[in-house]
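Here is what each chain is made of, one letter per residue.
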Amino acid sequence: MKKFTYPAVIFFDDEEQAYIIAMFDLGLVTSGETVEKAHESAREMLDSYLECAFAFGCDIPEASSFDVVVQTHPKEICVLVESTLNDKNKAV
């Protein structure tokens, strides 16, 4: 099993009335109606990203330090998004 953890920043979009979550290390952005739904969507996106990266032999960027992300975005919600892949590089 391989475990990957990336920091993410959550913003509230007043116009869309949704929470936007960004994993800047990977260039991934998604959203949800609640913080929980946005976080779940980000986890699913991370799972898919990693499965594809392994399938096509792409480099996977190293995660930034959570502390640095929090310091860079002090007024936003910062969370960790985790993905675990099995020995066949499929999310579990």
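Look above for the structure.
Given the structure is predicted, the values throughout are model-derived calculations rather than measurements.

Engineer: I keep staring at the overall build of the chain and nothing clicks. Help me out?
Structural biologist: Along the backbone of the chain there are 2 helices and 4 strands. Listing each helix as α and each strand as β along the chain from the N terminus yields β-β-β-α-α-β. For 92 residues, the compact-globule formula gives about 12 Å, and the C-alpha radius of gyration of the chain, at 13 Å, lands near that figure. Projected onto its principal axes, the C-alpha coordinates of the chain cover approximately 40 × 25 × 20 Å.

Engineer: Even after reading the chapter, I still don't get the packing of aromatic side chains, so can you show me in this structure?
Structural biologist: Under the defined criterion, the tally for this structure stands at 3 aromatic pairs. When the ring centre of Phe54 is taken as reference, the NZ or CZ atom of Lys2 above it lies at 4.6 Å.

Engineer: In this structure, what is going on with the state of the cysteines? I would like to understand it.
Structural biologist: In protein structure, a disulfide is the covalent linkage between the sulfur atoms of two cysteines. All chains considered together, the criterion is met by 0 disulfides. Between Cys58, a free cysteine, and Cys52, which holds the nearest cysteine sulfur, the sulfur-to-sulfur gap is 8.5 Å.

Engineer: Is there a simple way to explain the pattern of salt bridges in this structure?
Structural biologist: Side-chain pairs of opposite charge can arise whenever the charged atoms involved come near each other. Summed over all chains, the structure comprises 4 salt bridges. With its nearest N and O atoms 3.7 Å apart, the salt bridge here joins Glu33 to Lys37. Note on Glu33: relative accessible area 60%, which makes it exposed. Arg43 serves as the salt-bridge partner of Glu40, at 2.7 Å between the closest nitrogen and oxygen. Here Glu40 and its partner Arg43 are both found in helix α1 (residues 35-55), 3 residues apart, which amounts to about one turn of the helix. Given the relative accessible area of 27%, Arg43 is considered partly exposed.

Scoring rules and cut-offs
Residues numbered from 1 in each chain as written. Predicted model: local features only at pLDDT ≥ 70, side-chain atom pairs only at ≥ 80, totals over all residues. Heavy atoms only, no water. Helix = DSSP H or I, 4+ residues; strand = E, 2+ residues; numbered from the N terminus. Rg over C-alpha atoms; globule rule 2.2 N^0.38 Å. Phe/Tyr/Trp six-rings, centres within 6.5 Å; stacked < 30°, edge-to-face > 60°. Lys NZ or Arg CZ within 6 Å of the ring centre and 35° of its normal. Disulfide = S-S within 2.5 Å. Salt bridge = Lys/Arg side-chain N within 4 Å of Asp/Glu carboxyl O. Buried < 20%, exposed > 50% of the residue type's maximum accessible area, 1.4 Å probe, protein only.

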